[in-house]
Amino acid sequence: MISNEQRAHDIAIALVQANGKDMKPIEAYHEYINYLLPILKEIDKDFKNGIKEHI
């Protein structure tokens, strides 16, 4: 099972990579946090026990 935190991290990293090509490291970190927290809150609402992956 993938934790909600890992799923939110993966999504936030993908968004920063797609939208933050010219950012400095600190800017990219701030942008990552700005993506991560709302995504995690939303995932936690929908998947209280984590997200099961089909193998």
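Above this text you will find the structure in question.
Residues numbered from 1 in each chain as written. Predicted model: local features only at pLDDT ≥ 70, side-chain atom pairs only at ≥ 80, totals over all residues. Heavy atoms only, no water.

**Q** Would you mind going over the nonpolar core in detail, with residue names and values included?
**A** In this structure, Ala-8, Ala-12, Val-16, Ala-28, Tyr-32, Leu-36, Ile-39, Leu-40 and Ile-43 together form the largest nonpolar core, which totals 9 residues. Those elements that place two or more of their residues in this core are helix H1 (4-19) and helix H2 (25-46). Here this core takes 6 residues from H2, the largest share from any one element. (Core = buried A, V, L, I, M, F, W, Y, C linked by side-chain atoms within 4.5 Å. Buried < 20%, exposed > 50% of the residue type's maximum accessible area, 1.4 Å probe, protein only. Helix = DSSP H or I, 4+ residues; strand = E, 2+ residues; numbered from the N terminus.)

**Q** Break down the packing of H1 against H2 for me, with residues and values.
**A** At their nearest, the axes of H1 and H2 sit 8 Å apart, and the two run at 140° to each other. Taken together, the axes of H1 and H2 lie oblique to each other. Handedness of the crossing formed by H1 with H2: right-handed. Residue-level contacts link Asn-4, Glu-5, Arg-7, Ala-8, His-9, Ile-11, Ala-12, Ile-13, Leu-15, Val-16 and Asn-19 of H1 to Ala-28, Glu-31, Tyr-32, Tyr-35, Leu-36, Ile-39, Leu-40, Ile-43 and Asp-44 of H2. Looking at the contact of H1 with H2 residue by residue, the class counts come to 13 nonpolar, 3 polar and 4 charged. (Axes fitted to C-alpha atoms, helices over the stretch in contact; angles between N-to-C directions. Parallel < 35°, antiparallel > 145°, perpendicular 65-115°, else oblique. Left-handed = near helix turned anticlockwise from the far one by under 90°. Contact = heavy atoms within 4.5 Å. Nonpolar A, V, L, I, M, F, W, Y, C, P; charged D, E, K, R; others polar.)

**Q** Any details on the environment of Phe-47? Residues and values, ideally.
**A** Mapped onto the secondary structure, Phe-47 falls in the segment after H2. As a C-alpha pair, Phe-47 and Ser-3 span 44 residues in sequence and 9.4 Å in three-dimensional space.

**Q** Talk me through the pattern of salt bridges; I want residue IDs and the actual numbers.
**A** On inspection of all chains with the given rule, the structure shows 1 salt bridge. Glu-42 is the partner of Lys-45 in a salt bridge, and the nearest nitrogen-oxygen pair spans 3.4 Å. Taken as a pair, Lys-45 and Glu-42 lie in helix H2 at a separation of 3 residues, close to a single helical turn. (Salt bridge = Lys/Arg side-chain N within 4 Å of Asp/Glu carboxyl O.)

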